[in-house]
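Topology and contacts: notes
Listed below, chain by chain, are the residues.
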Amino acid sequence: MSLAVVFLPDTALLVPGAAGRADPAAGLRDAAVAALAGLAGDLGAGGDDGDPGVGRVLVVAPARRGRFLPHPVAPGLGAAGLDLPDLAPPALDGAPRADVPASVALVLLRAAGVAAPVDVVEIDRAADHVVAAHDSSAAPRAVVVVGSLSARHGPDAPLADDPRAPAVDDALLAALAEGPAALARALDDLGADGARDLAVSGRAPWRATLALLPAGALAQAATVHPEVVAGAQHVVAAWRLADPVTPAGPTVRAPQHRPVPHHPEEPR
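Residues numbered from 1 in each chain as written. Predicted model: local features only at pLDDT ≥ 70, side-chain atom pairs only at ≥ 80, totals over all residues. Heavy atoms only, no water.

Let's talk about the packing of aromatic side chains
By the definition in use, this model includes two aromatic pairs. Summarising the aromatic geometry, the rings of F7 and W206 are spaced 6.2 Å apart at their centres and angled 80 degrees between planes, so their arrangement reads as edge-to-face. Here F7, found in strand 1 (residues 3-8), pairs with W206, found in helix 6 (residues 203-212); they are 199 residues apart in sequence, far enough to count as distant. For the ring pair F7 and W239, a centre distance of 4.8 Å and an interplane angle of 70 degrees mean the geometry is edge-to-face. With F7 in strand 1 and W239 in strand 7 (residues 232-241), this residue pair connects regions lying 232 residues apart in the sequence. Like W239, F7 is buried. Connected via pairs of aromatic rings, a cluster forms that spans F7, W206 and W239. (Phe/Tyr/Trp six-rings, centres within 6.5 Å; stacked < 30°, edge-to-face > 60°. Helix = DSSP H or I, 4+ residues; strand = E, 2+ residues; numbered from the N terminus. Buried < 20%, exposed > 50% of the residue type's maximum accessible area, 1.4 Å probe, protein only.)

See the structure below:
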């Protein structure tokens, strides 16, 4: 059984109406919805938790703190100053509320017509070393991981321009096009300090996702759609892997890390 991995940008601009009448992320949104719609065949029809023929989705996203949120998870965009759009999944009573990046993924999954159960792993943005895990009794058929490349591109960027950003982003985009081993090497080359300096929000959730994959997993097919929006390099990418993910343990663990400067989270 194959495993699908879809990479989504870390920006609230993907939510329809987030930028008012302007829609700078329309192309990214279209690419994201198309990539997520491709999961339908992997997940089966419907969304009944008790149906063994229905696959589960695991969303891995950066957040203010690390935690595991089991299905059902409610989206929330208030921290980005946004109301939930009409296409957002309904918030069930008592359901935990996801942080903005995971909530954007939930909204886009709904827009793509994906009705499968969705668990969420949120990764502390400040963590140097992260091991992501979740309930192994509910192994996902698809992983949706949220993260972006450098937020230091030109005068419209949320942070000051950095001449190192284009080369680093080119290396990461090439690695995403190649597969898990190449991405692992590129993230090691970037390092935690490089990710902080260049505001690469994808490093922690991408590393956590790689840790969930079987050793030696290869991307049988990879597609990449890069785009700079509002001074940040974003990407939508999709992998088709040969083997299913085999997670272990019910928690998200963030080993000791030193405090780091806060970078603005939204909008990127």
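Some points on the pattern of salt bridges
Counting across every chain of the model gives eight salt bridges. For the salt bridge of R29 with D23, the shortest nitrogen-to-oxygen distance reads 2.7 Å. The class for R29 is buried, based on a relative accessible area of 11%. Taking relative accessible area as the criterion, D23 reaches 38% and is therefore assigned partly exposed. Salt-bridge contacts for R64 lead to D99; the nearest nitrogen and oxygen are separated by 3.0 Å. Of this pair, R64 sits in the loop between strand 2 (57-63) and strand 3 (67-69) while D99 sits in the loop between strand 3 and helix 3 (100-111); the two residues are 35 residues apart in sequence, bridging distant segments of the chain. Look at D99 and you get buried, because its relative accessible area is 5%. (Salt bridge = Lys/Arg side-chain N within 4 Å of Asp/Glu carboxyl O.)

Some remarks on the pairing of strand 5 (residues 142-146)
Of all the five residues making up strand 5, five are buried; the element is thus mostly covered by neighbouring parts of the structure. As judged from the five bridges shared by strand 1 and strand 5, these two strands associate in the parallel manner. The partner of L8 across the bridge, within strand 5, is V146. (Pairing = 2+ DSSP bridges.)

Thoughts on helix 1 (residues 26-37)
If you check helix 1, its first and last C-alpha atoms are 16 Å apart, about what twelve residues at 1.5 Å a residue would give, namely 16 Å. Buried within helix 1 we find L28, R29, A31, A32, A35 and L36. Along the long axis of helix 1, the arc covered by the buried residues comes to 165 degrees, so they all point the same way. Turned more than 90 degrees away from the buried face of helix 1, the exposed residues are D30 and A34. Looking at the buried positions of helix 1, the neighbouring elements they touch are strand 1, helix 2 (40-43), helix 3, strand 5, strand 6 (219-229) and strand 7. (Expected span 1.5 Å × (residues − 1). Arc of directions from axis to C-beta. Contact = heavy atoms within 4.5 Å.)

A look at helix 4 (residues 165-178)
Given a rise of 1.5 Å per residue, 14 residues ought to cover 20 Å, and the 20 Å separating the end C-alpha atoms of helix 4 matches this to within 8%. Of the positions making up helix 4, those classed as buried are A165, D169, L172, L173, A175 and L176. All buried residues of helix 4 project into a common sector of 160 degrees when viewed along the axis, lining one side. What points out from helix 4, more than 90 degrees from its buried face, is the exposed set A167, D170 and E178. The inward-facing, buried residues of helix 4 abut strand 1, helix 5 (180-198), helix 6, strand 6 and strand 7. G179, located one to two residues past helix 4, shows a positive phi value of around 140 degrees.

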